[in-house]
Amino acid sequence: MNPRFPWPDERLIKAAQDGDVTSLTTVVMESQPHVRRFALSLCSSPQDAEDAAQEALIILYRKIGTLRATGALASWMFRIVRNECLRQVRLLVARSDEAPAHPESADPSAEDAVLRGLEAERIAAAVSALPRDQRQVLILRDVQGLPGKAVADALGLSTAAMKSRLHRARAALRHTLTAIDPPVVEGDSRR
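The following paragraphs examine the structure supplied in this document. (Residues numbered from 1 in each chain as written. Predicted model: local features only at pLDDT ≥ 70, side-chain atom pairs only at ≥ 80, totals over all residues. Heavy atoms only, no water.)

1. So, the overall build of the chain
Operational definition: Numbering of helices and strands runs from the N terminus; a helix is a DSSP stretch of H or I covering at least four residues, while a strand is a stretch of E covering at least two. Each residue is placed in one exposure class: buried if its accessible area under a 1.4 Å probe, protein chains only, is under 20% of its type's maximum, exposed if it is over 50%, and partly exposed if it falls in between. Residue contacts are counted whenever heavy atoms from the two residues lie within 4.5 Å of one another. Here, Shrake-Rupley sampling with a 1.4 Å probe gives the accessible areas, and only protein chains in the shown set may cover a residue.
Per the secondary structure count, the chain includes eight helices and zero strands. Sequence-ordered secondary structure for the chain, helices as α and strands as β, is α-α-α-α-α-α-α-α. The proportion of buried residues among the 191 residues of the chain is 34%. Long-range contacts, defined as pairs at least 24 residues apart, comprise 62% of the intrachain contacts of the chain with a sequence gap of at least 6. Per element, the accessible surface of the chain, about 11,800 Å² overall, is 55% carbon and sulfur.

2. Re the packing of aromatic side chains
Note the cut-off: Two rings from Phe, Tyr or Trp (for Trp, the six-membered ring) form a pair when their centres sit within 6.5 Å of each other. Planes less than 30 degrees apart are called stacked, planes more than 60 degrees apart edge-to-face, and all others tilted.
This model, assessed by the stated rule, comprises two aromatic pairs. Aromatic side chains F38 and F78 sit 5.1 Å apart centroid to centroid with 90° between the ring planes, which places their arrangement in the edge-to-face category. Of this pair, F38 sits in helix α2 (residues 21–42) while F78 sits in helix α4 (residues 73–98), and the two are 40 residues apart along the sequence. The exposure class of F38 is buried, given its relative accessible area of 14%. Of the aromatic side chains, those joined through ring pairs into one cluster are W7, F38 and F78.

3. Let's talk about helix α6 (residues 132–143)
For α6, the full list of buried residues reads Q134, R135, Q136, V137, L138, I139 and L140. Positive backbone phi, approximately 75°, marks G145, located one or two places after α6.

See the structure below:
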């Protein structure tokens, strides 16, 4: 907790939940530095973090009445920010899936579309679980497709350090994805 920017106190949150507009505005303003810090630690880029923070503050403004315990504001906001960052990764994955690899192929079945959506969510969750430094380099290089030198420059790293971080991120992601759902072997009766 940052003593310079304390979270709003419970009386203020309660007044905001009861519809006091001044209290609600104060709760949003006092929550803003924390929400931005959460977003910067979870999202892949400062732009994504800004978008996630803004969306989270809008949700706070609109839905503070659904907060069950006034003392749970920080954890509630953290979940909202995390979900917004995950949503942005899903959008990036979905956009990369929009470009058809085989334009002559038939439209995918509904089952294929559902499976692809589940896979995208699984990958988004695994990427989100990476440490921030690894998540940033992985998204900039592998999702956004920036050249290695541009990624290194954007993150203030040497090319060698960027490559090392990218290797660790890919290995961690591969480990997470194989640990979550090990490959099915034909004749395996465990499934």
